[in-house]
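# Examining the three-dimensional arrangement
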Amino acid sequence: MEIRWYIGLAVALFSIGVMGVLTRRNAIIVFMCIELMLNAVNLLLVAFSKMHALSPVGLTNPSVVSNAQIFVFFIMVVAAAEVAVGLAIIVMMYRNTHVVDINFLNRLKN
Amino acid sequence: MDNVLQMVWLIPLLPLIGFLINGLGRNSLSKRMSGIIGSGVILFSFLLSLYVFFNVKGGNSHLAHYFNLIDINSFTIGFDFQIDPLSSLFLLIITGVGFLIHVYSTAYMHEEDGKDYAKYFAYLNLFVFSMLLLVMGGNYVILFIGWEGVGLCSYLLIGYWFKNVNYTNAAKKAFVMNRIGDLGFLLAVFWLLNKLGTTNFTDVFANLSKLSTTDITGITLLLFVGAIGKSAQIPLFTWLPDAMAGPTPVSALIHAATMVTAGIYMIARSNVLYNLAPLTQEIIMWIGLATALLAATIALKQNDIKKVLAYSTVSQLGFMFLALGTGNYIAAVFHVMTHAFFKALLFLGSGSVIHGMHHEQDINNMGGLKSKMKITYITFFIGCLAIAGIPPLSGFFSKDSILIGAYEHNKIVYSIALFTACLTAFYMFRLLFITFNGKFRGTEKQWNHVHESPAAMTVPLIILAILSAIAGFVNTPALFGGTESLTHFLSPVIQQTHQTTLSHATEYMLMGGAVVLILAVISWAYFKFKNYEPKEESSAFGKILENKWYVDELYNSILVKPLQAIAAFFNTIVEKKGIDGMVNGVGKAVNYGSRQIRLLQSGQIGNYVLLMVLGILVLFIIQLFF
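Residues numbered from 1 in each chain as written. Chains lettered and ligands numbered in written order. Predicted model: local features only at pLDDT ≥ 70, side-chain atom pairs only at ≥ 80, totals over all residues. Heavy atoms only, no water.

## Quick look at the overall build of chain A
When helices and strands are counted, chain A shows four helices and zero strands. For chain A, the α and β elements follow one another from N to C terminus as α-α-α-α. Here chain A has a C-alpha radius of gyration of 18 Å; the compact-globule value for 110 residues is 13 Å, and the former is much larger. With respect to the three principal axes, the spread of C-alpha positions in chain A is 55 × 25 × 25 Å. Residue burial in chain A is summarised as follows: out of 110 residues, 24% are buried. The contacts in chain A between residues at least 6 apart in sequence include a share of 61% that link residues at least 24 apart. Surface exposure of chain A reaches about 7600 Å², of which carbon and sulfur atoms provide 74%. Computing the positive centroid from 7 side-chain charges and the negative centroid from 4, chain A places the two 8 Å apart. (Helix = DSSP H or I, 4+ residues; strand = E, 2+ residues; numbered from the N terminus. Rg over C-alpha atoms; globule rule 2.2 N^0.38 Å. Buried < 20%, exposed > 50% of the residue type's maximum accessible area, 1.4 Å probe, protein only. Contact = heavy atoms within 4.5 Å. Areas by Shrake-Rupley, 256 points an atom, 1.4 Å probe, with all protein chains shown as cover. Lys, Arg positive; Asp, Glu negative; His and termini not counted. Charge placed at Lys NZ, Arg CZ, Asp CG, Glu CD.)

What follows is the structure, encoded as structure tokens:
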């Protein structure tokens, strides 16, 4: 498949994520949208890595290609850890306020 | 000769040590001790000065170099002392009269408590130190150090009773007016340094050919501005009468005998320079004459015993400048010497009266004091005779040599000077008769308090009276078979441009005429004031004189008031509105700006994210298109 389909998909996913973060008020959905953006970037990284693998540079240096593939796993692991922390924060927030509406959380204003 | 050089530094050092002991130990020294220390150091300086005097009597001149005060590659200014007839004469006057006044002060100031008493002697010693530095300095810079030092001590001593606001104002006035003159002096020194690269008297006078006429005229005029300030000439004379706020011995020492003659010393020292500047000499002569006349007219109508003497001092200083202006330097120095004796005598006599009258200075409340204060009366009378110029007292010889010089220079100047001399006699004898003759005009209580002063005060009076009487004989003119010893003594250092060419007959006539006139004036004063009664109203002209020609008011309205208006303008507009406004404005702008920017912190996460995204977009666009 050509690289542009991957780019298009990644852009679509990223835009959905941005729009979700900007428009939704439910903290969990905002959180999911952030993950979506993250994964859009991940996807792009893998796609470009694959693209490079077929290029002359990639053919002579296979390690460069596999680096990106492995790097993505690291990002996923870190993202998983981040999700654990983020969800914990949301749970604590719910316990204290009984809402998960981010517009309600404006105590830092001014 | 070497001996002299080895010990001259002790002469100014001793008063400095006295100043340090009295100044630092003022809380622990007893009054007796501080008096003894204060007078003792001056006595030792006097003895050393006598030794120096006999050493330079033959016309020797030494330059003692101690160390380099300023050493920059192109020039050096050394800490030098110049010991020659002129400075040794001044050394004798300063330490001799100074010692008598110190002794007098021990009694005069006895009412002060120990701390202030020691402070007084510390200041007085510091003054003598500065004055000695002034006359001993071998270059203009050392002279200037002394010059400033005496100005400072004058300020400190005028404001000695600093709890009285008027006195501190008088002190400030004296200081500020002196500073105006000092600026001129300083500029002259810079000019000399710029043109010649040296300020040593000997080097400067040896290299005068390198200076253009403009340079010499400028330098001499600027030096004269310094002398105007220090020696209270028109237009800077108003500080001297106000300086009478200080204790009377201070007036005698600083404002009659020594400090105010610093200007005359400086010009006499620079005589070689002044001889080349006829324009400056002419200006000096006219300013001296005008000051002598103006001050004498003011003295006619003053009722404060010290004010009369103060204006008389200004007037006599005018005479000295008149002599300097006619190139008659030796007459000026001679008059400095005799004036130091008789004016110190008169001031100390007035101090004795003030002491006896318990701090009463208004002569309207005195009268008939001669029965109770015999010694003061007689010595004061001798002082008056001396200042009036009655032969054979000292004032006659010195004033006569000035008048003769003036006569040869310009007949009009001579007649004005003679008229002023008559005024001098008139106001001095008016003072004498009002104070000591007639009947007492004060209260009964005051009369009972009047007493003769203690020996510590009368003995200096008697010594000064003797000196005032006989000091004239050091320079008896050839006319009376004298040898003019002072002229011979000073001739190595002073190039007199004035030489008497008059025949003896003319001189006799001038002297005789002057003496007859003065005697007539004195007898007129006697009949007018022997039974003086104070009058309330005086004539229009008298009122002008009483108010000192309104000079203070004039200065007030043309200088002080506009300056204060400018200062007020700068204070309210430039300072408060401009500078303060700018500083406060910055603060206010920051305050206002941050309050507005704070509104961006809405607390809405959505907003933050939106801004973040927009920011990234902007960066993205920049990255992409620029």
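## Quick look at the interface of chain A and chain B
Taken together, the contact pairs ten residues of chain A with eleven residues of chain B. Carbon and sulfur atoms make up 62% of the area that chain A and chain B hide from each other, which totals about 860 Å². Linking chain A with chain B are zero salt bridges, by the criterion used here. Applying the counting rule to chain A against chain B returns zero residue pairs in polar contact (both at pLDDT 80 or more). Looking at the side of chain A that touches chain B, its residues break down into six nonpolar, three polar and one charged. (Buried area = accessible area lost by both parts, 1.4 Å probe. Salt bridge = Lys/Arg side-chain N within 4 Å of Asp/Glu carboxyl O. Polar contact = N/O pair within 3.5 Å; in protein donor to acceptor, adjacent residues only side chain to side chain. Nonpolar A, V, L, I, M, F, W, Y, C, P; charged D, E, K, R; others polar.)

## Some words on the domain arrangement of chain B
Here the domain parsing of chain B yields domain 1 (1–276), domain 2 (310–546) and domain 3 (555–625). Domain 2 of chain B and domain 3 of chain B are separated by 71 Å when their C-alpha centres are compared. (Domains from an automatic or database assignment.)

## Some points on helix α19 (residues 411–436) of chain B
Residue and element names in this part refer to chain B. Along its 26 residues, α19 runs 37 Å from first to last C-alpha, staying within 8% of the 38 Å computed at 1.5 Å per residue. In terms of burial, α19 is a largely internal element, 21 of the 26 residues being buried. Between a side-chain oxygen at the N-terminus of α19 and the backbone nitrogen of Ile412 the separation is 3.0 Å; the capping residue is Asn410. In the stretch just after α19, Gly438 is the one whose phi turns positive, near 70°. (Expected span 1.5 Å × (residues − 1).)

## Examining the packing of helix α3 (residues 31–56) of chain B against helix α4 (residues 85–108) of chain B
Residue and element names in this part refer to chain B. One can describe the packing of α3 onto α4 by two numbers: an axis separation of 8 Å at closest approach and a directional angle of 155°. Regarding the angle of α3 to α4, the classification is roughly antiparallel. Once α3 is placed against α4, the crossing between them reads as left-handed. Contacts between α3 and α4 involve Gly35, Gly38, Ser39, Ile42, Leu43, Ser45, Phe46, Ser49, Leu50, Val52, Phe53 and Val56 from the first element and Pro85, Ser88, Leu91, Leu92, Thr95, Gly96, Gly98, Phe99, His102, Val103 and Thr106 from the second. The residue makeup of the contact of α3 with α4, split by class, is twelve nonpolar, eleven polar and no charged. (Axes fitted to C-alpha atoms, helices over the stretch in contact; angles between N-to-C directions. Parallel < 35°, antiparallel > 145°, perpendicular 65-115°, else oblique. Left-handed = near helix turned anticlockwise from the far one by under 90°.)

## A look at the packing of aromatic side chains
Residue and element names in this part refer to chain B. Applying the stated criterion to the full structure yields 34 aromatic pairs over all chains. Relative to Phe79, the ring of Phe67 has its centre 5.0 Å away and its plane inclined at 5°; by these criteria the two rings are stacked. Note that Phe67 is positioned in strand β1 (residues 62–72) and Phe79 in strand β2 (residues 75–83), a separation of twelve residues in sequence. A residue is classified by how much of its surface remains accessible, and Phe67, at 45% relative accessible area, is partly exposed. Where Phe380 meets Phe436, the ring centres are 5.5 Å apart and the plane angle is 50°; that geometry is what we call tilted. Residue Phe380 is located in helix α17 (residues 374–388), and its partner Phe436 is located in helix α19; the two are separated by 56 residues in the primary sequence. (Phe/Tyr/Trp six-rings, centres within 6.5 Å; stacked < 30°, edge-to-face > 60°.)

## Quick look at the pairing of β1(B)
Bridge analysis of β1(B) against β2(B) gives nine bridges, and the strand direction is antiparallel. Each residue of the ladder has a partner; that of B:Ile70, found in β2(B), is B:Ile77. (Pairing = 2+ DSSP bridges.)

## Topic: the packing of helix α7 (residues 165–196) of chain B against helix α9 (residues 213–230) of chain B
For any two helices packed against each other, the geometry comes down to the angle between their axes and how far apart the axes lie. All names here are of chain B. Running from amino to carboxyl end, α7 crosses α9 at an angle of 155°, the nearest separation of the two axes being 7 Å. Taken together, the axes of α7 and α9 are roughly antiparallel relative to one another. In this structure, α7 meets α9 at a crossing whose hand is left-handed. Of the residues in α9, those touching α7 at Met177, Asn178, Ile180, Gly181, Asp182, Gly184, Phe185, Leu187, Ala188, Trp191, Leu192 and Lys195 are Thr214, Asp215, Gly218, Ile219, Leu222, Leu223, Val225, Gly226, Gly229 and Lys230. Grouping the amino acids of the contact of α7 with α9 by side-chain chemistry returns eleven nonpolar, seven polar and four charged.

## Some words on the pairing of β2(B)
Burial within β2(B) is extensive, with seven of its nine residues counted as buried. Here β1(B) hands over to β2(B) after two residues, the two strands then running antiparallel side by side.

## Examining the pattern of salt bridges
Residue and element names in this part refer to chain B. Counted under the stated rule, the structure contains eight salt bridges over all chains. One salt bridge connects Asp84 with Arg269, and the closest N-O pair in it is separated by 2.7 Å. Taken together, the positions of Asp84 in the loop between β2 and α4 and Arg269 in helix α12 (residues 262–269) put the pair 185 residues apart, joining distant regions of the chain. Assessed through its relative accessible area of 0%, Asp84 is described here as buried. One network of salt bridges, with partners in common, ties together Glu148, Arg179 and Asp182.

## Here we look at the environment of B:Tyr265
All names here are of chain B. In this structure, Tyr265 sits in helix α12. Each C-alpha atom of the pair Tyr265 and Tyr117 lies 31 Å from the other, and the pair is 148 residues apart in sequence. The contacts of Tyr265, once residues within four sequence positions are left out, are Leu86, Ser87, Phe90, Leu134, Val135 and Leu143.

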